[in-house]
Amino acid sequence: MKIINLISGPRNLSTALMYSFSRRPDTKVIDEPFYAHYLETTGTDHPGREDTLRSMSTDINKVLDDIFNRNECEVLFLKNMAHHHQQMDLSFLDKMTNLFLVRNPKQLIASFAQVITSPNMKDIGLKKSWELFNKIENQNPVVLDSAEILKNPKSLLSKLCDNLEINFFEEMLSWPSGGIPEDGPWAKYWYKNVHSSSGFAKQKTSSRELPKNCESLYLEALKYYNKLKVNSISA
């Protein structure tokens, strides 16, 4: 079984990409399996925190055992946030195919600030993505800028599958509107746009203005985004 570990920041089209992979006949998806561990170990207060802690294990060793013991599919797709990779032995990354998903931090932060009004670098995961990329760079991890998906979804997803050494399926280009059974309990707070979608498309909210209080965060995040973007595949 091939395990694809998506390492993303929030508001990056990561949920749409999970929905895309959920349409593959050979693939199962897991929505943010490290989220409860992250909330418990960092004390972070996110919308739906208590529901998340009740619904998932906070024991990272148990979570990883469950992942590596899955055998009902050829491909297992993990939608993970970069900043959820906290307080854990990261050697398991060597047993996975790691895919970094990035987005222009201006759009990312403006969107994220609609839910968490004063985000910081730990919230958006770009610095953590860069740290993780450097840790496993010798694996030649795949990097994808979400803006590239929107330019030509079919071409980009086909190229992405080539890089991941899996087959491309046309079914990846669309999904029924609404959620999927694998959605985490936090979906009602974060997934409104993707629930109203049926494929990859630019959202009207992507041109939202950056809040003034987030300008310094944007400038810091831009450095890490640019470092990762140069490694990105394109359509």
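Described in the following lines is the structure provided in the data block.

The rules behind these values
- Residues numbered from 1 in each chain as written.
- Predicted model: local features only at pLDDT ≥ 70, side-chain atom pairs only at ≥ 80, totals over all residues.
- Heavy atoms only, no water.
- Helix = DSSP H or I, 4+ residues; strand = E, 2+ residues; numbered from the N terminus.
- Rg over C-alpha atoms; globule rule 2.2 N^0.38 Å.
- Buried < 20%, exposed > 50% of the residue type's maximum accessible area, 1.4 Å probe, protein only.
- Contact = heavy atoms within 4.5 Å.
- Areas by Shrake-Rupley, 256 points an atom, 1.4 Å probe, with all protein chains shown as cover.
- Lys, Arg positive; Asp, Glu negative; His and termini not counted.
- Charge placed at Lys NZ, Arg CZ, Asp CG, Glu CD.
- Salt bridge = Lys/Arg side-chain N within 4 Å of Asp/Glu carboxyl O.

1. Considerations on the overall build of the protein
Here comes step 1: Scanning the protein for helices and strands turns up 12 helices and six strands.
Here comes step 2: Its C-alpha radius of gyration of 16 Å places the protein within 12% of the 18 Å reference for a compact globule of 235 residues.
Here comes step 3: Along the first, second and third principal axes, the C-alpha set of the protein runs to 45 × 40 × 40 Å.
Here comes step 4: The burial tally for the protein puts 53% of its 235 residues in the buried class.
Here comes step 5: Long-range pairs, those at least 24 residues apart, make up 81% of the contacts in the protein between residues at least 6 apart in sequence.
Here comes step 6: When the accessible surface of the protein is totalled, it reaches about 10,900 Å², and 44% of it is carbon and sulfur.
Here comes step 7: Positive and negative side-chain charges of the protein, numbering 29 and 28 respectively, have mean locations separated by a distance of 6 Å.

2. Some thoughts on the pattern of salt bridges
Here comes step 1: Taken as a whole and assessed by the stated rule, the structure comprises 12 salt bridges.
Here comes step 2: Between D26 and R24 there is a salt bridge, and its shortest N-O distance comes to 3.0 Å. Taken individually, D26 and R24 each receive the classification buried, so the pair is uniform in this respect.
Here comes step 3: Here D66 makes a salt bridge to K62, at a shortest N to O gap of 3.3 Å. Of the two residues, D66 and K62 are both situated in helix 4 (residues 60-68); the distance of four residues between them amounts to about one turn of the helix.
Here comes step 4: Since its relative accessible area comes to 43%, K62 is described here as partly exposed.
Here comes step 5: If you follow the salt bridges from partner to partner, you end up with D31, E32 and K79 in one network.

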